[in-house]
Amino acid sequence: MVYPLLPAFITGVLGGGAVALGALDGAADAAAALVKLVAGRLADRPSRRGPLIVGGYFLAAAVRPVIAVTAAAWQVVVLRVVDRLGKGLRTPPRDALIADVTPAPIIGRAFGLQRGLDHVGAIIGPLVAWWMLSSGADVRKVIVASLVPGVLVLLLATWAVRGGRRRYEAVGAQEPSDTLPPPTVPYRPLPPAVIAISFFYLLRMPETLLIFRAQSLGIAVALIPLLWAALHVVRSSTSFLGGALTDRIGASRTMWIGWISYVALAAGMALATRPVAAWILFLAMGVVAGLTESPERALVAAATGGRHGSGFGVYHALTGVAALVGGIALGFVFQRASGATAFLVSAVGALGLVILWPFWTRLHRVPPP
């Protein structure tokens with residue numbers, strides 16, 4: 001409900017610019033990086049995962065509605081950072097829980113299912129926001145109303161982690177010691193593949209700037225929630241495809257296909273001049289998430305042995321820091337030059353990563369999960 005409205009809220013209501021939008025995504029993800037490291041380390045003990053997951057959802061549900069009373073762009077950025085701290089608390093233990101209870105041959109599909117359902121949830125909220133805006137509510141009222149699904153999510157999370165704990169015990173897993181690695185699976189550091197993934201997050205255009213670009217091409221603010229909901233329809237459907245491809249052809253190849261898709265679509269956004277092109281390209285961007293999110297997590301799960309919590313903590317931390325630097329840099333280019341230039345820079349940088357990836361995988365023996 002809230003996220004797709006933030007670019008219009010910051011630029012139209014509070015008077016911020018593209019740099020503020022770039023910082024909004026980047027600073028939020030980077031601030032959560034340290035929390036993800038700590039949460040990941042704590043999540044190596046399954047008994048701690050439930051409180052971390054529920055606590056993370058509680059923090060987000062409590063803070064997000066407060067955005068409605070802000071008076072300056074920097075205040076939105078600060079509150080968004082706190083919101084993402086909640087995400088930092090819940091994400092590594094959630095991914096670790098999924099990795100632990102899923103058989104290896106279908107782990108790509110498991111993460112594809114999780115990402116797909118996450119995007120399904122992101123369809124409903126924007127539709128509610130569009131309905132409220134169409135009924136005469138302003139952006140601030142929509143943000144306040146986000147408290148209702150926030151409370152519902154908190155209740156669902158409390159129920160879900162109990163089921164995950166029972167499933168973990170059912171597969172016969174043993175809780176690792178705080179001081180010793182699991183006796184059967186030694187801890188392995190993250191492979192160089194994760195460094196390459198972080199470069200992609202450095203080069204990728206923040207979603208706030210993607211929305212801002214769509215607005216600048218003529219898409220009305222009132223239609224942005226619909227556009228955002230439609231994007232997640234594409235993300236949800238392609239997440240299942242990405243998970244299945246990960247299990248069939250390998251995570252490395254699936255992710256590489258996703259990067260190629262991003263290069264083509266980012267270049268298209270740079271060259272677009274009409275609203276219809278913005279609609280098509282914006283929705284097609286959903287394919288990128290569907291083809292990258294599942295294989296990224298499958299690579300991390302395959303590389304971290306029994307310490308899935310720590311592994312996912314490091315992965316989310318590195319990509320968060322990369323998103324901060326990239327978001328601010330691309331936002332600066334967007335504001336000082338143009339949106340077209342910023343997307344072109346992003347596309348060219350990602351193209352370089354696409355070219356280097358096959359050599360990188362051979363050089364560092366990236367494992368196919």
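This write-up is about the structure you can find in this document. (Residues numbered from 1 in each chain as written. Predicted model: local features only at pLDDT ≥ 70, side-chain atom pairs only at ≥ 80, totals over all residues. Heavy atoms only, no water.)

This brings us to the overall build of the chain. When helices and strands are tallied, the chain shows 15 helices and zero strands. Taking all 369 residues of the chain together, the buried fraction comes to 53%. Put simply, of all contacts in the chain between residues at least 6 apart along the chain, 83% involve residues at least 24 apart. For the chain, the accessible surface area stands at approximately 15,500 Å², while carbon and sulfur atoms represent 71% of it. (Helix = DSSP H or I, 4+ residues; strand = E, 2+ residues; numbered from the N terminus. Buried < 20%, exposed > 50% of the residue type's maximum accessible area, 1.4 Å probe, protein only. Contact = heavy atoms within 4.5 Å. Areas by Shrake-Rupley, 256 points an atom, 1.4 Å probe, with all protein chains shown as cover.)

On the surface, a cluster of nonpolar side chains totalling about 480 Å² of accessible area is made up of Ile124, Val128, Trp130, Trp131 and Leu223. Of note, tryptophan 130 is situated in helix α5 (residues 107-134). (Patch = residues over 30% accessible without salt bridge, like charges linked within 9 Å, V, L, I, M, F, W, Y side chains within 5 Å. Salt bridge = Lys/Arg side-chain N within 4 Å of Asp/Glu carboxyl O.)

With that settled, the discussion passes to the packing of aromatic side chains. On inspection of all chains with the given rule, the structure shows six aromatic pairs. Plain terms: the ring middles of phenylalanine 200 and tyrosine 262 are 5.6 Å apart, the flat faces sit at 85° to each other, and that makes the pair edge-to-face. Taken together, the residues span a long stretch of sequence, with phenylalanine 200 in helix α8 (residues 192-203) and tyrosine 262 in helix α11 (residues 251-271) at a distance of 62 residues. Ring plane angle 65° and centroid distance 5.0 Å describe the contact between tryptophan 259 and tryptophan 357, whose orientation is recorded as edge-to-face. (Phe/Tyr/Trp six-rings, centres within 6.5 Å; stacked < 30°, edge-to-face > 60°.)

Attention shifts here to the side chain of threonine 246. Turning to its location among the elements, threonine 246 is positioned in helix α10 (residues 224-249). Judged by relative accessible area, threonine 246 falls into the buried class, the value being 2%. Within the structure, threonine 246 has its side chain in polar contact with the backbone oxygen of glycine 242 (distance 2.8 Å). Those residues in contact with threonine 246 that sit more than four places away from it in its chain are Gly108, Ala251, Thr254, Ser294, Pro295 and Ala298. (Polar contact = N/O pair within 3.5 Å; in protein donor to acceptor, adjacent residues only side chain to side chain.)

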